[in-house]
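# Notes for the structure review
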Amino acid sequence: MNLSRKRYRGMWPFVIFCGLAVLLYISLGKNPEHIPSPLIGKPAPEFTLPDLENRDLLSKQDMQGNVWLLNVWASWCVACIQEHPLLNDLSNSGVVQIVGLNYKDVQTDAIEWLDRHGNPYRFIAVDTTGDVGIDYGVYGVPETFLIDKNGYIQYKHIGQLTPEIISQQILPLVDLLREQES
Amino acid sequence: MIQSILINRLPKIFLVSVLAVSILPFDGFADEPLPELPTIEQQRTYDRLIRELRCLVCKNQNLLDSNAELAADLRKKTHELVVEGKNYQEVVEYMTDRFGTFVMYRPPLKTSTFALWGLPFLGFVLILTVIIHRIRKRSQIHLLELGDNDRQAADDLLEKRKRDSSS
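What comes next is a walk through the structure. (Residues numbered from 1 in each chain as written. Chains lettered and ligands numbered in written order. Predicted model: local features only at pLDDT ≥ 70, side-chain atom pairs only at ≥ 80, totals over all residues. Heavy atoms only, no water.)

## Quick look at the packing of aromatic side chains
Scanning the model with the defined rule gives five aromatic pairs over all chains in all. Centre to centre, the rings of Trp76 of chain A and Tyr103 of chain A are 6.5 Å apart; their planes meet at 50°, and the pair counts as tilted. Taken together, the residues span a long stretch of sequence, with Trp76 of chain A in the loop between β3 (68–73) and α3 (78–93) and Tyr103 of chain A in strand β4 (residues 97–103) at a distance of 27 residues. Taking the relative accessible area as the measure of exposure, Trp76 of chain A reaches 47% and is therefore partly exposed. Judged by relative accessible area, Tyr103 of chain A falls into the buried class, the value being 6%. Clustering of aromatic rings is evident, with ring pairs tying together Phe47, Tyr136 and Phe145 of chain A. Sitting above the plane of the Tyr94 of chain B ring, Arg98 of chain B keeps its charged end 3.6 Å from the centroid. (Phe/Tyr/Trp six-rings, centres within 6.5 Å; stacked < 30°, edge-to-face > 60°. Helix = DSSP H or I, 4+ residues; strand = E, 2+ residues; numbered from the N terminus. Buried < 20%, exposed > 50% of the residue type's maximum accessible area, 1.4 Å probe, protein only. Lys NZ or Arg CZ within 6 Å of the ring centre and 35° of its normal.)

## Points about the packing of helix α2 (residues 40–52) of chain B against helix α4 (residues 88–99) of chain B
Residue and element names in this part refer to chain B. Relative to each other, α2 and α4 sit at 35°, their axes nearing to 10 Å. As for the relative orientation of α2 and α4, their crossing is right-handed in sense. Every residue of α4 that contacts α2 at Thr45, Arg48, Leu49 and Glu52 is listed here: Tyr88, Val91 and Val92. (Axes fitted to C-alpha atoms, helices over the stretch in contact; angles between N-to-C directions. Left-handed = near helix turned anticlockwise from the far one by under 90°. Contact = heavy atoms within 4.5 Å.)

## A look at the pairing of β4 of chain A
Residue and element names in this part refer to chain A. Most of β4 is tucked away, with six of its seven residues classed as buried. Pairing geometry for β3 and β4, over six bridges, is parallel. Of the residues in β4, the one forming a bridge with Asn71 is Gly100. Between β3 and its parallel partner β4, the chain crosses via α3, and the hand of that crossover is right-handed. Pairing between β4 and strand β5 (residues 123–127): five bridges, direction parallel. Paired with Gly100 across the two strands is Ile124, which belongs to β5. Note on the crossover from β4 through helix α4 (residues 107–117) to β5: the handedness is right-handed. (Pairing = 2+ DSSP bridges. Right-handed = clockwise from strand over helix to strand, strands pointing away.)

## A word on the interface of chain B and chain A
Across the contact, 16 residues belong to chain B and 15 residues belong to chain A. Together chain B and chain A conceal approximately 1400 Å² of surface at their shared face, both sides included; 54% is due to carbon and sulfur atoms. The interface formed by chain B and chain A holds four salt bridges in total. A salt bridge links Arg98 of chain B to Asp135 of chain A, with the nearest nitrogen and oxygen atoms 2.9 Å apart. Here chain B is connected to chain A by four residue pairs in polar contact (both at pLDDT 80 or more). (Buried area = accessible area lost by both parts, 1.4 Å probe. Salt bridge = Lys/Arg side-chain N within 4 Å of Asp/Glu carboxyl O. Polar contact = N/O pair within 3.5 Å; in protein donor to acceptor, adjacent residues only side chain to side chain.)

## Digging into the pairing of strand β6 (residues 143–147) of chain A
Residues and elements named next belong to chain A. The element β6 is extensively covered by neighbouring structure, given that five of its five residues are classed as buried. What you see with β6 is no split at all: Glu143, Phe145 and Ile147 on one side and Thr144 and Leu146 on the other are buried throughout. As judged from the five bridges shared by β3 and β6, these two strands associate in the antiparallel manner. Its bridge partner lying in β6, Leu70 is registered against Phe145. Across five bridges, the pairing between β6 and strand β7 (residues 153–158) is antiparallel. Within the sheet, the bridge partner assigned to Thr144 lies in β7 and is His157. Linkage of β6 to β7, two consecutive antiparallel strands, is achieved through a turn of five residues, within which Gly151 is found at a positive phi near 85°.

Taken by themselves, the reported measurements are silent on function.
If you want it as structure tokens, here you go:
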């Protein structure tokens, strides 16, 4: 008994090393940019913002009863160009409506950018000051929120969308939320 | 002559000045001065908040240190909220409701952060136990091994040394 205990005592540093290695290996696969949002499961913050043509005031209520995506974008955002074709496809497929939140942008730049890259948005709310962005906890454009019929945030993606995220995360959730009573 | 010495030493001079500048206390960016707060109490709350709140896009800077646009916006928001009469706790809640506890440099103690706060203490206690255990063991060995003969031998040696050094 005593002898075997002594033999295994030398193993402790090795055990600790293995524990740390496993811990670090698990964390390696995680994206440090991905910080869970406290907004998930909560009502999407209210906003009243002008549209891109300055003709109308838009609010969250305009989308009441729909399952919709809120995509935060800007013409100065490089990753937005990358994900934009995906949004165009999604919009063309008619599966889900997309609302744009034009974040801290210049109006003319934004219009020109949409002319060049296409406009997948049902409407675009313009947040020049970034105040609505703060309410939505936006810190890395692009960000995309999935909002249900009752105006609750059900999913949030920070950074560029990918085909995998759309097909594996967003679309299944959209199907699920469609069936929900409003 | 003097010139050549100067040129030879240029890399050193450069290095020293870079180091000198790097240790200067850095008190944030003052590019967009916000109006002073009405009361000292509010100013204090604000100063504390911008030191405690993290700039989310820069990871290792607080709002005071960062010149990122988001940090400037959050400073502005913090200022606004303090002017409105919100206290420290209310502003912290406002920020964590939107950005999560990550926005705080010192995350609050709750179930999800328990390991974060607990593990260092646990490690400390563990190491302390091991050290105490070792010390005890070592003193035990001494007690066992130092018999009367050993003591006598040690005394003799000390005596001898004393004699040698005095002669």
